[in-house]
Amino acid sequence: MRKNNIWILSLLFFVLASCEEKIDVDLNSSDPRMVVEAKLTNKDRNQIIHLSRTVNFDAENFDPITDALVNVIASNGRIFNFTSRGNGEYTHSNFSVNNALTYTLNIAHNNKTYESKAKMPEYVEIDSMGVTKEDIFRETYYFVNLKFRDPVNVPNYYIYEVSINDGPFKFNMAFNDKFNDGQEVTHQIGGRNQDFKAGDKIIVRRQLVSKDVYTYWNEFQMTNPGSAAPGNPSSNLSNNALGYFGISNQREYSVVIQDDDVLNQDEVKASMH
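As the structure is a computational prediction, the values presented were derived from the model and not from experiment.

Reading the values: the criteria
Residues numbered from 1 in each chain as written. Predicted model: local features only at pLDDT ≥ 70, side-chain atom pairs only at ≥ 80, totals over all residues. Heavy atoms only, no water. Helix = DSSP H or I, 4+ residues; strand = E, 2+ residues; numbered from the N terminus. Buried < 20%, exposed > 50% of the residue type's maximum accessible area, 1.4 Å probe, protein only. Contact = heavy atoms within 4.5 Å. Areas by Shrake-Rupley, 256 points an atom, 1.4 Å probe, with all protein chains shown as cover. Pairing = 2+ DSSP bridges. Salt bridge = Lys/Arg side-chain N within 4 Å of Asp/Glu carboxyl O. pLDDT = per-residue confidence, 0-100. Axes fitted to C-alpha atoms, helices over the stretch in contact; angles between N-to-C directions.

1. Side note on the overall build of the protein chain
A tally of regular secondary structure across the protein chain gives two helices and 16 strands. Here the protein chain, with 273 residues, has 38% of them falling under the buried criterion. Within the protein chain, contacts between residues at least 6 apart in sequence are counted, and of these 62% link residues at least 24 apart. Carbon and sulfur atoms make up 49% of the accessible area of the protein chain, which totals about 16,300 Å².

The structure is reproduced here in structure tokens:
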């Protein structure tokens, strides 16, 4: 398929180049689209939803949306109205997620409405967590390992975010249980954004999410960072909006990297937040 696309683009370029009339193509302008980052969680009652517009390829800043109407409706009929606090952030300070309910996100902006549904999955507890030290091509790398038993005959989707030395949490990895359903599993977490070093305090945020949220982040982690125009991850929102809406069931675990030759993951236990 990629070869076909390249051939078609090459043919198109040849045809345009053969025309006598000059054709100007504006590669930087496009119709703005809604971008939604809405991940509710059981971790905190203070829930945040981020809204913005797509911007031109050469734009330096993002374009926040501050005048939308945003609410989430629970399947028991309760409505949670979110308040804009500027910079594209919409908040609700007293929203406790119930995993027995389904939630519907509604956004109204510029005479358009956007919608998505989500439900929080069950959490899968870990059995142990620890650190391993590996030499790869004469370089030393540390990894945090989480060991657990995946529930049998239950599709599970895992997202990990990592904080280093109390810094901001950043996306790290996405996993599913397609090839290890019901088995003993170890998820190995490395320094995707910054290598782990001896002495670092690592907090791993482990999240159980729905399949569509996993798909979004799995496509994100597979994006080639060197691509000039990477594709957008699949969205679960209506009306051609980008982004995602989901509810994560999460726990946080912390560990300090020790400068030992070998650390066995069964010997080093993590503290849970």
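2. Thoughts on helix α2 (residues 211-221)
Taken together, the buried positions of α2 are Val 213, Tyr 214, Tyr 216, Trp 217, Asn 218 and Gln 221. In this structure, the buried residues of α2 make contact with β11 (157-164), β12 (170-176) and β15 (242-256).

3. Regarding the pairing of β15
Burial runs high along β15: 13 of the 15 residues are buried. Relative to β15, strand β1 (residues 34-41) runs parallel, the two sharing seven bridges. The residue bridging Lys 39 from the neighbouring strand is Gly 246, located in β15. Two strands pair when backbone bridges link them, and strand β14 (residues 201-208) and β15 are joined in this way by eight bridges, in the antiparallel orientation. If you follow Leu 208 over to β15, its bridge partner there is Asn 249.

4. Details of the pattern of salt bridges
Summed over all chains, the structure comprises ten salt bridges. Residues Lys 39 and Glu 161 are paired through a salt bridge, measuring 2.7 Å at the closest nitrogen-oxygen approach. Of this pair, Lys 39 sits in strand β1 while Glu 161 sits in strand β11, and the two are 122 residues apart along the sequence. Its salt-bridge partner being Arg 53, residue Asp 63 comes within 3.3 Å of it at the nearest N-O pair. Highlighted residues: Asp 63 in strand β3 (residues 63-64) and Arg 53 in strand β2 (residues 47-53), separated in sequence by ten residues. Note on Arg 53: relative accessible area 23%, which makes it partly exposed. A network of salt bridges, in which partner residues are shared, links Lys 39, Glu 161, Arg 205 and Glu 252.

5. Looking at the confidence of the model for the protein chain
In regions of low pLDDT, the predicted coordinates are not meant to be interpreted in detail. Confidence in the prediction of the protein chain, expressed as mean pLDDT, is 85, and 79% of residues score 70 or more. Considering only residues more than four positions removed or in separate chains, one finds that residues 1-29, a stretch of pLDDT under 50, has five contacts.

6. With respect to unusual backbone geometry
The residue Asn 87 is not glycine, and still its phi comes out positive at about 60 degrees. With respect to the helices, strands and loops of the structure, Asn 87 is situated in the loop between β5 (79-84) and β6 (89-92). Within the chain, Asn 153 stands out as a residue other than glycine whose phi angle is a positive 60 degrees. One can find Asn 153 in the loop between β10 (139-149) and β11.

7. Let's talk about the sheet that holds β10
The three strands are arranged β9-β10-β13 in an open sheet whose pairing can be described as antiparallel. The sheet terminates laterally at β9 (128-136) and β13 (184-189), the two strands that pair on one side only. Taking each pair of neighbouring strands and ignoring which way they run, the sheet shows an average axis angle of 30 degrees. For β10 and β13, the ladder comprises six bridges, and the chain directions are antiparallel. Counted as the bridge partner of Asn 145 is Gln 188 from β13.

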